[in-house]
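Here is how the chains run, residue by residue.
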Amino acid sequence: MNGENVEGYEKDLEKDMENEILREIGSIGAGHAATALSELIQEKISITFPEIYVARPEEIPKVLGLHEMPSVVVYKKLQEGYDCDILLVFEKEEADKIVSTMAKNTFGMEELDKEMKKSAIEEIGNIVIGSFLSAMSNFIDMELLPTPPIHVTDIFDAVLDIFLAKLCLQNRKAIVFQTCFKREEEKIYGAVIIFLSEELRDELVRKGKAWLEG
Amino acid sequence: MYEEKEKKVRIGMAEMIVARNPMIITTTVGSCIALCMYDSINRIGGMVHIVLPKKEDFDKKNLDPVQKYADTAVPALYSALISKGAKKECIKAKMAGGANMFPKFTHPILKIGMDNANAVREKLAELGIPLAAEDTGGNHGRIIEFEVGSGTMKINTINKKERKI
């Protein structure tokens, strides 16, 4: 192994370790988000261990592989300083199920009208993304405040492309964090997808390392 | 329905493909543009998935593929069709996409869809390529299927009936 290769190998190891730290921090947030979702729909929800993808923005649709999936996407971004977009994504059918469960549990109603459905979806976004961020905030001792939610129902890749175009405009790599929800014995697609800015990524890694070192 | 022998190929962001009949090219766009060009006499067609309007504005280091930007993707697709055997005088274009997916949100990035469509129109006009049809703007995503031989674009959205242009 020549000197250059050793350096490259060490850099890769360092990146691997940093990604591992991010995944650990993310899994704390994801665990809390899953609990919040379980409480909302009164059903057990588990999570997959988070994945971190670092790629050119235009490669991300292939990495996520959801393409034409009809989706309900709640969008929030972090306020102040960190340019970081956060998406809560559900397959449309799943979102409909969650909203109707909420309608029964929370409002005692069989069905909600269009406006109420919209509020319910955005409230789910507030609760799930909110618990994700507050768990992470507590762990790293940084305030992570999101903007109010906006949601769209559309084809997944079509919703995604504006976020990727934004990264392209800023000449940024996409650092994507993804964790998926799983309902027991049922395959569903629900996920929190975060486009981390490099600044926030580095800050999370720094705080995570400091925590590990005690 | 397309015949079974027709191959279906998906392209992603900043990708381009040119083929002879029979082939169906598909992609999904929100603010991006699916630009198709075809020569229906010689049955050759292609599609490029455009992300941003102008290369020089965003790619100062010249690292990105030409397919990513409207002003460089239009001539790239045109040249690729000609290399494949299409005749200049027979080539027509169609495009779809350029939506604003979050109309209630005010970030300047959200007008990128409109800017993309304008940049494509501008470049087509400059090169004298007729724009036979377009389905652009709005607040919805589009699933595109392009039949290279006939130049037909099928456009599906989440709420509306399929449209053909």
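Remember, predicted model here, so these are calculated numbers, not experimental data.

Participant: Tell me what's going on with the overall build of chain A, and back it up with residues and numbers.
Facilitator: Within chain A, the secondary structure is distributed over six helices and seven strands. The order of helices and strands in chain A, counted from the N terminus, is α-β-β-α-β-β-α-α-β-α-β-β-α. In terms of C-alpha radius of gyration, chain A reaches 18 Å, essentially the compact-globule figure of 17 Å for 214 residues. Seen through its C-alpha atoms, chain A measures out along the principal axes to roughly 65 × 40 × 35 Å. Across the 214 residues of chain A, 37% fall into the buried class. Expressed as a percentage of contacts within chain A between residues at least 6 apart in sequence, the contacts between residues at least 24 apart total 70%.

Participant: Give a description of the interface of chain A and chain B that names residues and reports values.
Facilitator: Listed per partner, the contact involves 22 residues of chain A and 24 residues of chain B. Of all elements in the fold, only α2 (60-64), β3 (70-77), β5 (150-155) and α5 (156-169) of chain A reach the threshold of two or more residues within the side of chain A that touches chain B. The greatest single-element share of the side of chain A that touches chain B, amounting to 10 residues, is contributed by α5(A). Of the residues in the side of chain A that touches chain B, the class split is 13 nonpolar, two polar and seven charged.

Participant: A description of the sheet that holds strand β2 (residues 16-20) of chain B should follow, citing residues and the corresponding values.
Facilitator: All names here are of chain B. If you walk across this open sheet you meet the five strands as β2-β5-β4-β6-β7, and the pairing is mixed. Of all the strands in the sheet, just β2 and β7 (131-136) have a single pairing partner and so form its edges. Between one strand and the next, the sheet's axes are offset by a mean angle of 10 degrees, whatever the strand orientation. Sheet topology note: the strand β6 (residues 91-97)/β7 ladder contains five bridges and is parallel. Within β7, the residue paired with Lys 94 across the bridge is Ala 133. Against the sheet, helix α3 (residues 112-127) touches β4 (33-39), β5 (44-50), β6 and β7, its axis set at about 25 degrees to β4.

Participant: If you had to explain helix α2 (residues 70-83) of chain B to someone new, which residues and values would you point to?
Facilitator: All names here are of chain B. Taking 1.5 Å of rise per residue, 14 residues should cover 20 Å, and α2 covers 20 Å from first to last C-alpha, within 8% of that figure. When we look at burial in α2, the residues that qualify are Ala 70, Thr 72, Ala 73, Val 74, Leu 77, Tyr 78 and Leu 81. As for α2, its buried residues are in contact with β2, β4, β5, α1 (55-58), β6 and α3. Positive phi shows up at Gly 85, right after α2, with a value of about 115 degrees.

Definitions and limits used
- Residues numbered from 1 in each chain as written.
- Chains lettered and ligands numbered in written order.
- Predicted model: local features only at pLDDT ≥ 70, side-chain atom pairs only at ≥ 80, totals over all residues.
- Helix = DSSP H or I, 4+ residues; strand = E, 2+ residues; numbered from the N terminus.
- Rg over C-alpha atoms; globule rule 2.2 N^0.38 Å.
- Buried ≥ 20, exposed ≤ 12 C-beta atoms within 10 Å, placed from the backbone.
- Contact = placed C-beta atoms within 7 Å.
- Nonpolar A, V, L, I, M, F, W, Y, C, P; charged D, E, K, R; others polar.
- Pairing = 2+ DSSP bridges.
- Axes fitted to C-alpha atoms, helices over the stretch in contact; angles between N-to-C directions.
- Expected span 1.5 Å × (residues − 1).

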